[in-house]
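Chain residues, written in single-letter form:
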Amino acid sequence: DDLYSVGTRAQIIRSQASNDERQSIHIFIKGKEAVQIDQIQSDGQAMLAKVTPLSTEFQADQEQELKALTQRLRKHGENYLKLSLDTPADHKSIERITDPLHLAYALLGRIREASVYERYQVLAETNGVKKMTLLMTLLENAIQKLKRDHTVRKRTQKNLDRDQREYYHNEQMK
């Protein structure tokens, strides 16, 4: 009951033991496809799911809308990546993606400001235009949040700089 009915089939790229006190393991994965969970089996120690690929449908009469959404998604995605201070490699990887669905999934995995449930809603949507529209909304909200965060950070830094100058000046006057 605690699991979502749609997920992502993924490939483990590598795992790495961490040097922290919790002795955690970092696992790097690459998402392969969205899947519908049909059945879950558990032996008490592990769970195994039987899944079927979840297809996203794009209607032929929505081709122009899809093209426009893809361009806006790419533009918003690049803007988001710049604001979120992701690596330049992330920007390049987004630029190279030509498939609209692949682009949507690549961006969806990077939006840290969205909740798991909000990202799940995008993943589970089977109508391609609706999926991209939902993602566009998440990106726009994330961009607004990042802009607010940057404004607050700048204001705080400015106040700190002013306070440090005043302190330095007062110390010199002593």
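Residue positions within a chain follow its written sequence, with the count starting from 1. Only residues with pLDDT of at least 70 are given local features in this predicted model, and only at 80 or more are side-chain atom pairs given and counted; all residues enter the totals for whole chains, interfaces and linings. To obtain the side-chain values, all non-hydrogen atoms of the structure were used and water was disregarded.

Trainee: Help me get a handle on the environment of Asn-79, residues and values and all.
Mentor: Inspection of the secondary structure puts Asn-79 in helix α1 (residues 63-83). With a 1.4 Å probe rolled over the protein chains alone, any residue whose accessible area is under 20% of its type maximum counts as buried; one over 50% counts as exposed, and the rest are partly exposed. The exposure class assigned to Asn-79 is partly exposed, which follows from its relative accessible area of 31%. Taking the C-alpha atoms as reference points, Asn-79 and Glu-140, 61 residues apart in sequence, are found 9.8 Å from one another. Labels follow the DSSP assignment, with helices taken as runs of H or I lasting at least four residues and strands as runs of E lasting at least two, numbered in each case from the N terminus.

Trainee: Any details on the pattern of salt bridges? Residues and values, ideally.
Mentor: By definition, a salt bridge exists where a carboxyl oxygen of Asp or Glu is found within 4 Å of a side-chain nitrogen of Lys or Arg. The final tally for this structure, using the stated rule, is four salt bridges. Here Arg-9 ties to Glu-33 by a salt bridge, and the two come within 2.7 Å at their closest N and O atoms. Taken together, the residues Arg-9 in strand β1 (residues 6-17) and Glu-33 in strand β2 (residues 25-42) connect sequence positions 24 residues apart. For Arg-9, a relative accessible area of 36% puts it in the partly exposed group. One salt bridge connects Glu-140 with Arg-72, and the closest N-O pair in it is separated by 3.1 Å.

Trainee: Would you mind going over the sheet that holds β2 in detail, with residue names and values included?
Mentor: For two strands to pair, DSSP has to find at least two bridges joining them. The three strands are arranged β1-β2-β3 in an open sheet whose pairing can be described as antiparallel. At either end of the open sheet lies a strand with only one pairing partner, and these are β1 and β3 (47-53). Recorded for the sheet is a direction-independent mean angle of 55° between the axes of neighbouring strands. Across eleven bridges, the pairing between β1 and β2 is antiparallel. If you follow Ala-10 over to β2, its bridge partner there is Gly-31. Here, residues are in contact when the closest pair of their heavy atoms is within 4.5 Å. Fitted lines through C-alpha atoms give the axes, limited to the stretch in contact for helices. The angle between two N-to-C directions lies from 0 to 180 degrees. Here helix α4 (residues 116-124) sits on the sheet in contact with β1 and β2, set at roughly 120° to β1.

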